Amino acid sequence: MAKRLPKKDVVIIGLGWTGSIMANELTDEGLEVMAIERGPWRDSPTDFSPTYMQDELRYRIRHELFARPEQMTFTFRNKMDQTALPIRSWGAFMPPNGVGGGGVHWNGEMWRFLPSDFVLKTHLTQRYGTSFLPEDMTIQDWGITYDELEPFYDRFEYTCGTSGTAGNLRGQIMEGGNPFEGPRSRPYPTPAQPQPFSHTLFAKAARELGYKPFPQPSGNLSTAYTNPLGMKMGPCTYCGFCEWFGCANYSKASPQTTILPHLIRKDNFSARANSEVLRIEVDKTGKRATGVVFVDASGEEWEQPADLVILSAFSIFNVQLLLHSKIGKPYDPVANVGTVGRNYSHQTVSSVNGFFDPKKYNFNPFIGSGSIGMCVDEFNGDNFDHGPHGFVGGGYIGQVQTGARPIESTLVPPGTPSWGAEWKQTVKHYYLSTVKPGTGVHGGFYSYRDIYLDLDPTYKDRFGRSLMRITMDLKPNEIKQNKFLTDKFAEIIKTMGAEKIAPAYRTAPYDITTYQTTHINGGAVMGTDPNTSVVNRYLQSWDVSNLFVLGASAFPQNPGYNPTLTVGALAYWAADAIRTKYLQSPGRLVDG
Amino acid sequence: MHRRAVLAGAAYLIFRGSRAHATTILDHLPWTPNAGNPPDPVTLGPWVYFTSDEGRTIEALADQIIPPDPETPGGKDAGCAVYLDRQLAGPYGRQEGLYVRPPFMKGMKNQGHQSEKGPAQEYREFLAAFDKASKLQFGGKPFFELQTEDQHRFLKDIEGEKVKLDGVDGKAFFAQIVKDMQMGFFADPLYGGNRDMVAWKMIGFPGARYNYLDWVGRHNEKFPLPPVGLTGRAEWNTRAQR
């Protein structure tokens, strides 16, 4: 029997980006807020040390900062008639754990989605007709527009100190930025980061081919910056240990560097680390959450009652907790009813490595930041006419090499033996002259009727709860998209002057063992219709009106960009709705 | 110990009775000075996991996968076998932190490794089957006693599935050994391989530095500084030769 703790106004499940944003906004409103975090408290001075953070084996290969599969994992299969097996060791994505969440060890890419991404279904059917879309594709509009979200994009960019070059300032296209982006109300808070050699070479080649390259917007800062909360950040030092690692320089935007030191000093905020929420409790009507039950580090169960519950764990964990809490109707792909678990998506990522003549090119590839890079956006979203190509969607492509950590960056051209004397000589020959873009082709992943999440019938977690089951495969639309983008990308790498190139297309079946990105989205999507969405346009649960579900679980499908800026902007948007609408009149903010 | 266990995600098992409450964090960031968690460098000495013959086999494999050349030592002298021995004796060998609940079913390759056995046990079984196959083919000789050309050919045959191993997928496991040896070669020297940063010197990686601010805009120029490891450089840690 769980011991009951004193009631709070708000309980927050998960203290990553969205939990920190929401906690800060609601404590500003004077509410008593308690955050419950499954993993440990981590901080720059103690956990991200400049004397030992540069450890590729410990942090990248052995995944030290991430969730452990023994704590929580998922089962996986490609198709509904297969048996799903547990993901025993992480591969295709890397779920976070602990205070700061993925904000600790992300790369810091700060992309806005395109205006057309938010009204995708309407936009595509108007331009190409309904029959152009694959029959089993279940894309939909978000229920929010770019213009509505713009102030909150701006807010999160200024929280993080984002370094970049504006491409569209209040409707005016700006030289050197991304000409395809939606209009922004202000320039970036800090100028774009300087670029290493191979990145500038990529931009030159892209311009020669007629594209408009621009620096990737970055949460690794080009200069010192003080954010609106008074948090001070330092310039990035291009150490090359960003993604998978914590930043020891206060240069990478994270909850630790931008929000938490401010938040923790407030009297009306408290947090519990190493405490895992088992379920959200609802009253007898099933329409009102009463709080959460969590288990602490000793295994003891506690009940934390609250008037308002914010579910702000990592995307896929949100969906799992909804299913374990029996909130909302689980999605059934056969009957095509229910919503929880529907429209799960990932990214369609591939790359092209380039091998250059070492006598002419020394890239010093170990110099990099997590979101350094020169990109082109001509082939993202609906920035180009898809009519002749027979697919929808796209992605940005770019030289976004974030460092050349030697275990993963000692490459050899195709045809070279993988071991022995020739392998060794070839590694030595090419290391300083290899272009290895991390996610060179960063394609979107649209949603489908038979790609979804539900509870596994066989495998259990350490508390005896069912693991969540991922049914996921690559569809012809995404495979065509990837072939098209990868070929365009290879052309630029070749134009740079590579003597050998190694394209690696993304093909079916979807593989759970090789890393793509940790952008696993959807499953608790936002929308205008309770029959096809879990939350309304303010991220409020249709079923339980005092529950808000934040994060990328709300994406109805995945555009061709990194999700974090939109995740943060949506958290500010939801917080604004709670502050200006919900608190005045608690209840459903939208009739459904 | 305490802190390490927290990081390993096993905190709920080992917190002492006095901490068996839902500890609340408020007013200040919950960190204390000098509470970092630096890595433990391996110590040289006898094998921790391997038997003596297993160790000799792995050293021979290390030199086949990463052969010595006039400029750079091979896998054996770079310490790759020591690296693997210490890894198998540690959390990696026991697949600590991974999901190891039953049932274990054979799946498709893209569903990932499904085995109750950790890498330590799998290496032991591979090495036994490998030794048996070598002795069968070479008149009772273990792999580490073969001529280097014979060793090379034998590995090629395993890779090409011309030689089958008893109860073990030789081709797949050899690919794993290649990966592990190369990982040890390029990891920080504190893990036992990449001794004296030979691998980093070979490729021109400057190691565990943290600041290239002055260098990000210097294009196509060779970075001049030698590598440094997490524990510094050998010459910082040993007495100057007299």
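Everything numeric in this text was worked out from a predicted model, so none of it was measured. (Residues numbered from 1 in each chain as written. Chains lettered and ligands numbered in written order. Predicted model: local features only at pLDDT ≥ 70, side-chain atom pairs only at ≥ 80, totals over all residues. Heavy atoms only, no water.)

Description of the packing of aromatic side chains
In plain terms, the rule: Between the rings of Phe, Tyr and Trp (Trp by its six-membered ring), a pair exists once the centres lie within 6.5 Å; its type follows the angle of the planes, with under 30 degrees stacked, over 60 edge-to-face, and the other angles tilted. Burial status follows relative accessibility: with a 1.4 Å probe on protein chains alone, a residue under 20% of its type maximum counts as buried, one over 50% as exposed, and anything between as partly exposed. Only Lys NZ and Arg CZ are tested; either one counts as a charge over a ring when it is within 6 Å of the ring centre and within 35 degrees of the ring normal.
Applying the stated criterion to the full structure yields 61 aromatic pairs over all chains. Ring centres of Trp 215 of chain B and Phe 223 of chain B lie 5.2 Å apart, and the angle between their planes is 70°; on these two criteria the pair is classed as edge-to-face. Accessibility assignment for this pair places Trp 215 of chain B and Phe 223 of chain B in one class, buried. An aromatic cluster of three or more residues is present, and its members are Trp 111, Phe 113, Phe 118, Trp 142, Phe 214, Tyr 396, Phe 555 and Tyr 561 of chain A. Sitting over the face of the ring of Phe 317 of chain A, Arg 38 of chain A holds its NZ or CZ atom 4.3 Å from the ring centroid.

Here's the deal with the nonpolar core
Residues and elements named next belong to chain A. Condition: Nine residue types can take part in a nonpolar core, namely buried Ala, Val, Leu, Ile, Met, Phe, Trp, Tyr and Cys, and a core is a set of them joined through side-chain atoms within 4.5 Å. Runs of H or I in DSSP of at least four residues are treated as helices and runs of E of at least two as strands, each being numbered from the N terminus. Contacts were defined at the residue level, with two residues in contact if any of their heavy atoms lie within 4.5 Å.
Within the largest apolar cluster, 208 residues are counted, with the highest numbers of intra-cluster contacts made by Phe 93, Ile 280, Ile 310 and Ile 470. For this core, the element with the highest residue contribution is helix α14 (residues 564-582), accounting for twelve residues. Sequence-distant contacts of Ile 470, that is, excluding residues within four places in its chain, are made with Phe 74, Thr 75, Phe 76, Arg 77, Ile 87, Phe 93, Ile 316, Tyr 344, Tyr 452 and Leu 453. Core analysis: the second largest hydrophobic core is formed by 27 residues, Phe 379, Phe 391, Ile 493 and Met 496 among them.

Details of the packing of helix α5 (residues 119-137) of chain B against helix α7 (residues 170-186) of chain B
Residues and elements named next belong to chain B. We count it as follows: Fitted lines through C-alpha atoms give the axes, limited to the stretch in contact for helices. The angle between two N-to-C directions lies from 0 to 180 degrees. Here the word oblique covers every angle except those under 35 degrees (roughly parallel), over 145 (roughly antiparallel) and from 65 to 115 (roughly perpendicular). Two helices that cross are described as forming a left-handed crossing if the nearer one is turned anticlockwise from the farther one by less than a right angle, and a right-handed crossing if clockwise.
At a minimum axis separation of 11 Å, α5 and α7 run at an interaxial angle of 120°. In this view, α5 runs oblique relative to α7, as classed from their interaxial angle. Classified by chirality, the crossing of α7 by α5 is left-handed. Contact residues: α5 offers Glu 122, Tyr 123 and Phe 126, while α7 offers Gly 170, Phe 173, Gln 176, Ile 177 and Asp 180.

Some words on the interface of chain B and chain A
We count it as follows: Here the quantity called buried area is the accessible surface, traced with a 1.4 Å probe, that two parts lose on coming together, added over both. Every case where a carboxyl oxygen of Asp or Glu lies within 4 Å of a side-chain nitrogen of Lys or Arg is listed as a salt bridge. Polar contacts, as used here, are pairs of N or O atoms within 3.5 Å; protein pairs need one atom able to donate a hydrogen and one able to accept it. Residues neighboring in sequence count only if both atoms are side-chain atoms. Three residue categories are used. Nonpolar comprises Ala, Val, Leu, Ile, Met, Phe, Trp, Tyr, Cys and Pro, charged comprises Asp, Glu, Lys and Arg, and polar comprises the others, including Gly.
Contacts between the two partners involve 91 residues from chain B, matched on the other side by 99 residues from chain A. Summed over both partners, the interface of chain B with chain A comes to about 7,900 Å²; 61% of that surface belongs to carbon and sulfur atoms. It is Tyr 99, Asn 110 and Tyr 210 of chain B that lose the most area in chain B upon contact with chain A, and together they represent 12% of the buried surface on that side. At the surface where chain B touches chain A, the tally comes to two salt bridges. With a closest N to O distance of 3.0 Å, Lys 424 of chain A and Asp 69 of chain B form a salt bridge. In this assembly, chain B and chain A are joined by 37 residue pairs in polar contact (both at pLDDT 80 or more). Listed by contribution, the elements that provide at least two residues to the side of chain B that touches chain A are α1 (2-7), α2 (11-14), α3 (52-65), α4 (80-89), α6 (148-159), α7 and α8 (198-203) of chain B. Here the side of chain B that touches chain A gets six residues from one element, more than from any other, and that element is α7 of chain B. Grouping the amino acids of the side of chain B that touches chain A by side-chain chemistry returns 53 nonpolar, 26 polar and twelve charged.

Concerning helix α10 (residues 315-324) of chain A
By the criterion of burial, α10 of chain A is predominantly enclosed, with ten of the ten residues buried. All of the buried residues along α10 of chain A are Ser 315, Ile 316, Phe 317, Asn 318, Val 319, Gln 320, Leu 321, Leu 322, Leu 323 and His 324 of chain A.

Here's the deal with the pairing of strand β11 (residues 269-272) of chain A
Residue and element names in this part refer to chain A. Note the cut-off: Strand pairing requires that DSSP identify at least two bridges connecting the strands.
Residues Phe 269 and Ala 271 of β11 are buried on one face, and the alternating residues Ser 270 and Arg 272, pointing to the opposite face, are buried as well. In terms of strand pairing, strand β3 (residues 33-36) meets β11 through four bridges, oriented parallel. Residue Met 34 lies in a different strand from β11, and its bridge partner there is Ser 270.

Describing the side chain of Arg 88 of chain A
Selection criterion: In this tally, Lys and Arg are treated as positive and Asp and Glu as negative; His is ignored, and so are the chain termini.
Along the polypeptide, Arg 88 of chain A turns up in the loop between β5 (85-86) and α4 (115-118). Although buried, Arg 88 of chain A forms no salt bridge, and the nearest oppositely charged side chain, Glu 116 of chain B, lies 8.5 Å from it. Within the structure, Arg 88 of chain A has its side chain in polar contact with the backbone oxygen of Pro 103 of chain B (distance 3.1 Å). With sequence-adjacent residues up to four places away left out, Arg 88 of chain A is seen in contact with Pro 69 and Tyr 459 of chain A together with Leu 98, Tyr 99, Val 100, Arg 101, Pro 103, Phe 104, His 113, Gln 114 and Ser 115 of chain B.

Remarks on the sheet that holds strand β22 (residues 466-471) of chain A
Residues and elements named next belong to chain A. Taken in spatial order, the four strands of this open sheet run β5-β4-β22-β21, and their pairing is mixed. For this open sheet the edge positions go to β5 and β21 (452-460), each flanked by a neighbour on one side alone. Pairing of strand β4 (residues 74-77) with β22 involves four bridges; the strand directions are parallel. Paired with Phe 74 across the bridge in β22 is Met 468. Where α10 meets the sheet, its contacts fall on β4, β21 and β22, and the angle it forms with β22 comes to roughly 125°.

Focus on helix α13 (residues 476-495) of chain A
Residue and element names in this part refer to chain A. Selection criterion: To estimate the expected span of a helix, subtract one from its residue number and multiply by 1.5 Å.
The terminal C-alpha atoms of α13 lie 29 Å apart, and with 20 residues this matches the ideal 28 Å at 1.5 Å per residue to within 8%. Within the span of α13, buried status applies to Asn 477, Glu 478, Gln 481, Asn 482, Phe 484, Leu 485, Thr 486, Phe 489, Ala 490, Ile 492 and Ile 493. In the segment just after α13, Gly 497 is the residue with positive phi, at about 115°.

Topic: the pairing of strand β12 (residues 276-282) of chain A
Residues and elements named next belong to chain A. Pairing of β12 with strand β13 (residues 289-295) involves six bridges; the strand directions are antiparallel. Residue pairing across strands places Glu 276 opposite Val 295, the latter belonging to β13. Hairpin connection of β12 to β13: six residues between the antiparallel strands, including Gly 286 at a positive phi of 75°.

Some remarks on the pattern of salt bridges
Counted by the stated rule, this structure contains 42 salt bridges over all chains. In this structure, the salt-bridge partner of Glu 157 of chain A is Arg 184 of chain A, at a minimum N-O distance of 3.1 Å. Of this pair, Glu 157 of chain A sits in helix α6 (residues 146-160) while Arg 184 of chain A sits in the loop between β7 (172-173) and α7 (197-208), and the two are 27 residues apart along the sequence. The exposure class of Arg 184 of chain A is buried, given its relative accessible area of 1%. A salt bridge links Glu 54 of chain B to Arg 124 of chain B; its shortest N-O distance comes to 2.7 Å. A residue pair is termed long-range when its members are at least 10 positions apart, and Glu 54 of chain B in helix α3 and Arg 124 of chain B in helix α5 qualify at 70 residues. According to the relative accessible area criterion, Glu 54 of chain B is buried, its value standing at 11%. Classification of Arg 124 of chain B as partly exposed rests on a relative accessible area of 31%. Bridged by salt links that share partners, the residues Arg 112, Glu 150, Glu 157, Glu 181 and Arg 184 of chain A form one connected network.

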